[in-house]
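Residue strings, one per chain:
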Amino acid sequence: MNIRIKSITPVPDKGIVWVTLILRGESAEQYQKEKYPLLLSQYKEMGLQAGEIDAETAERIADASGICRAFIKGLTSLSYGDRSARELTYKLVQKGCSKAHAEEAVCMLIAAGYLRESSAALREAERSVAKLRSRRRVEYDLRAKGYDASDADVQGYLDEVDFDEVCREALARQCRHGIPEGDERKKLSQKMVAQGFSSSQIKAAFEVLDAQ
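Below is a short write-up of the structure. (Residues numbered from 1 in each chain as written. Predicted model: local features only at pLDDT ≥ 70, side-chain atom pairs only at ≥ 80, totals over all residues. Heavy atoms only, no water.)

## Let's talk about the packing of helix H2 (residues 55-78) against helix H3 (residues 85-94)
For clarity, the threshold we go by: Geometry is summarised by axes, namely lines fitted to C-alpha atoms with helices restricted to the contacting stretch, and by angles between N-to-C directions that run from 0 to 180 degrees. The secondary structure listing takes helices from DSSP runs of H or I that are at least 4 residues long and strands from runs of E that are at least 2 residues long, numbered from the N terminus. For classification, angles of less than 35 degrees are called roughly parallel, those exceeding 145 degrees roughly antiparallel, those between 65 and 115 degrees roughly perpendicular, and all remaining angles oblique. When the near helix sits turned anticlockwise from the far one by under a right angle, the crossing is termed left-handed; a clockwise turn instead gives a right-handed crossing. We call two residues contacting when some pair of their heavy atoms lies within 4.5 Å.
Closest axis-to-axis distance for the H2/H3 pair is 10 Å, and the angle between their directions is 120°. The pairing of H2 with H3 is recorded here as oblique in orientation. Remark: the crossing between H2 and H3 carries right-handed chirality. Seen from H2, the contacting residues are Ala70, Lys73, Gly74, Ser77 and Leu78; seen from H3, they are Leu88, Lys91 and Leu92.

This is the structure in structure tokens:
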């Protein structure tokens, strides 16, 4: 099998180059043309030139192209909103990337500054608090999405949030049609506990509502 690079076509505005390979066998029927996208950084690192190459180099081009495709898909995904490294890796695998290519692409996105988990986790925590969620629920949701809930910036922010007030607002929203009594009040209290608020927070919140 003879393998050669037929052409290398840069696409500067997309930060990639297209590498076209021609594979020829002994017969005329054994002819194959393959096009692989590579990131400019990959292309420069590999030092590719038009001409004949060996099978190992062709395999390296195909592998690097898989990472390139995963990188581009990851970049597109991040343009729609924050994701943790774990969440983005999972999404890329769902989109057809191999796990190895997805993991390498995510590492490259982190190194390039496109994926900043600490700041993304902080924004996610802020969104959760705005939805009137308890601290325990905020931290649980962060972990569920692959973020480090113990991140210093996240914990610093949560320390400043008045979750007693959050509980009062959340309870007031549940009682907008009237404050329940008896069994209905107990059910609502149990619901608030399930959402991560403490019994003392809920009791204090009811006292405020009852006094209004």
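## Notes on unusual backbone geometry
Keep this limit in mind: Categorising residues by exposure relies on relative accessible area from a 1.4 Å probe, with only protein chains included: less than 20% of the type maximum marks a residue as buried, more than 50% marks it as exposed, and the intermediate range marks it as partly exposed.
Backbone geometry places Leu132, a non-glycine residue, at a positive phi of 65°. Relative to the helices and strands, Leu132 is located in the loop between helix H5 (117-130) and helix H6 (135-144). By relative accessible area, Leu132 is classed as buried at 11%.

## Some thoughts on the sheet that holds strand E1 (residues 2-11)
Short version of the rule: Any two strands with at least two DSSP-identified bridges between them are counted as paired.
Within the open sheet, the four strands sit side by side as E3-E2-E1-E4. Their pairing is antiparallel. Strands at the two margins of the open sheet, each flanked by one partner only, are strand E3 (31-39) and strand E4 (51-53). Here the strands of the sheet are splayed against their neighbours by 35° on average, with no regard to which way each runs. By the bridge criterion, nine bridges tie E1 to strand E2 (residues 16-24) in an arrangement that is antiparallel. Following the sheet pairing, Thr9 is matched in E2 by Trp18. Across the sheet, H2 touches E1, E2, E3 and E4, and the angle it forms with E3 is around 50°.

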